[in-house]
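Okay, here's what each chain looks like letter by letter:
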Amino acid sequence: MHRSRHDLHAVLGAALLVVAAALIGRHLRARHDNLFVDWPPLYARWEPHVGPGTPAAILVAAAVVLYGPPLVARLPWRALLLAVWAAATAWTFSLAWIDGWYRGIAERLTSRYEYLRVIDRFQDIPATLRDFTHHILLDSPHHWPPHTAGHPPAATVTFVLLDRVGLGGGGWAGMWCIVVGASAGVAALIAVRALAGEDLARRAALFLVLAPAAVWVGVSADGYFAAVAAWAVALLALAVTGRSPAWAAGSGLLFGLALYLSYGLTLFAVIGCAVLLLGRHGVRRKPVLLLYLLAGLVVVPAVFTALGFNWWEAYHILVERYYQGAGGKRPYGYFVWANLAGTVLVVGLATVAGLRRSVAELIRGAGEALRAWRRGPEPGTGTGLPGGSGAGTVPPAGSGAEALSPAGTAVETVPRAETGVETVPRAGTGVETVPRPGTGVEAAPQARLAFLVCAALVALLAADLSGMSKAETERIWLPFTVWLLPAAALLPGPRLWLTAQAVLALLLNHLLLTSW
């Protein structure tokens, strides 16, 4: 009850932040006209409407809320991943379809600001890449549209290659972003399972499906970027928890691609370092993992550099272009906090409550770790990451320490794994947390999840403070918000919170006409 009251306080505070951003934003827009958004803090306009996707969206939301929890508890792991991807795709598509096929999907990436407007300028890709930086500034000849100029060329080249294989036009581009973007939740589940155990991964599954963020995944290219970055993290998590070093190479390859999709994804180094820290024992046993990671990481940068594109030069020119446009006029003093209000609408109130629990878990664990350090080592203790109660200690096997499985059944907690935990079915109850062979002691699973989530929060806050993301962060920050969503796994009563998430997404998509 005590923790639930604090959750409600966090939710109320987040709601007040959104209201303040909306009211102050309306005042600034009316008085100074310097926000360049119609419905602050979001890049959207007030336009209540229904559409062909309305019944489908309501049906998907109801099905997930009513039938999702028992299915999540019963489905085998691989079947669960496929189900999450299918449900997330259906949810994202139905929300986009509320605005109609053309306005909601096929025309989203064909506006004068978007990538598809310059496809014909990439007839000779190497030549275009060599000349790319000469068209970033507004006063340069034939300057690129805002989104092409604002990203490294891999973003535009993706749609060029789709066009080359016969999947040209806004319809195919929109569906690419929806289907690929919906897989980001699957990647997050894989990472959470590898680093914090299957129990928490299953608890997070439905929150990764019914995320309000789906409003902007369908359709924006940033949904595609989010998926690439998410799979990079997932493969790294698999690599450091005992899988083949080839996963580390694959992770590096995707991290390298992410850097050439969006400059801001350099901040994923924070999340990557968090994964390496959580899996540090695996890295110590197999330091070759880092070599595989670095080998994969240099591939995409090497290819683009060899073709004539200079990432660093382009980034510095982009900063100048950013301040030539609306970014130079939008007030930092407003958006530095209003962006966070917009993020509340993207992640939903369940995630806000989960983040409160995540931060509290780390603070409590840090205090316990400090007290343990002052006392000195004791028999049966380790040096896990800051965690919840019992962080860094091993309860005796069969001690009867219990938690709840996704189905609400008791599970037995036994010594934890060196780089995470592993859950397996236990007859008659649900799942059991077991150690991997030859491992040491680690923090509690909840603490490990909290650490991963808070690393993503730190990356997002760094992006906010940079001043390079004033407005439009509901799509720009999608790669980071994906990693905030699993925080809701720490909440009790999933159906109530899932309903809140779905209602928020439906209200946003029916009351506002978003630009993505």
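Residues numbered from 1 in each chain as written. Predicted model: local features only at pLDDT ≥ 70, side-chain atom pairs only at ≥ 80, totals over all residues. Heavy atoms only, no water.

Notes on the overall build of the protein chain
Then comes step 1: Scanning the protein chain from terminus to terminus reveals 24 helices and six strands.
Then comes step 2: Counting across all 516 residues of the protein chain, residues that qualify as buried make up 54%.
Then comes step 3: Across the protein chain, the fraction of contacts at a sequence separation of at least 24, relative to all contacts at a separation of at least 6, is 78%.
Then comes step 4: Summed over its atoms, the accessible surface of the protein chain is roughly 20,800 Å², and 68% of this surface lies on carbon and sulfur atoms. (Helix = DSSP H or I, 4+ residues; strand = E, 2+ residues; numbered from the N terminus. Buried < 20%, exposed > 50% of the residue type's maximum accessible area, 1.4 Å probe, protein only. Contact = heavy atoms within 4.5 Å. Areas by Shrake-Rupley, 256 points an atom, 1.4 Å probe, with all protein chains shown as cover.)

Some points on the packing of aromatic side chains
Then comes step 1: Following the criterion strictly, the structure yields 18 aromatic pairs and no others.
Then comes step 2: Ring plane angle 50 degrees and centroid distance 5.6 Å describe the contact between Tyr-263 and Tyr-315, whose orientation is recorded as tilted. Residue Tyr-263 is found in the loop between helix H13 (246-259) and helix H14 (268-278), and its partner Tyr-315 is found in helix H18 (residues 311-324); the two are separated by 52 residues along the sequence.
Then comes step 3: We classify Tyr-263 as buried; its relative accessible area is 5%.
Then comes step 4: Chaining the aromatic ring pairs together yields one cluster made of Phe-122, Phe-132, Trp-144, Tyr-260, Phe-304 and Phe-309.
Then comes step 5: The side chain of Arg-121 reaches across the aromatic face of Trp-144, ending 3.9 Å from its centre.
Then comes step 6: A cation over a ring is seen here: Arg-475 above Trp-516, with NZ or CZ 4.5 Å from the ring centre. (Phe/Tyr/Trp six-rings, centres within 6.5 Å; stacked < 30°, edge-to-face > 60°. Lys NZ or Arg CZ within 6 Å of the ring centre and 35° of its normal.)

Structural notes on helix H10 (residues 198-209)
Then comes step 1: Along its twelve residues, H10 runs 17 Å from first to last C-alpha, staying within 8% of the 16 Å computed at 1.5 Å per residue.
Then comes step 2: The buried fraction of H10 amounts to eleven of the twelve residues, a majority that puts the element mostly inside the structure.
Then comes step 3: For H10, every residue scored as buried is listed here: Glu-198, Asp-199, Leu-200, Ala-201, Arg-202, Ala-204, Ala-205, Leu-206, Phe-207, Leu-208 and Val-209. (Expected span 1.5 Å × (residues − 1).)

What to know about unusual backbone geometry
Then comes step 1: A cis geometry characterises the amide bond from Pro-40 onward to Pro-41, with omega recorded as 10 degrees.
Then comes step 2: Looking at the secondary structure, you find Pro-41 in the loop between helix H1 (2-31) and strand E1 (44-46).
Then comes step 3: The omega torsion of the bond from Gly-218 to Val-219 falls at 5 degrees, within 30 degrees of zero and hence cis.
Then comes step 4: Relative to the elements of secondary structure, Val-219 occurs in the loop between helix H11 (214-217) and helix H12 (221-240).
Then comes step 5: Even without being glycine, Phe-36 reaches a positive phi, approximately 60 degrees.
Then comes step 6: One can find Phe-36 in the loop between H1 and E1.
Then comes step 7: One non-glycine residue, Ala-471, lies in the positive phi region at around 80 degrees.

Digging into the side chain of Asn-34
Then comes step 1: Note that Asn-34 resides in the loop between H1 and E1.
Then comes step 2: Residue class for Asn-34 comes out buried when judged on its relative accessible area of 19%.
Then comes step 3: When sequence neighbours within four positions are dropped, the list of residues in contact with Asn-34 reads Leu-28, Lys-329, Arg-330 and Pro-331.

Interpretation note: all reported values are geometric properties and have no functional meaning in isolation.
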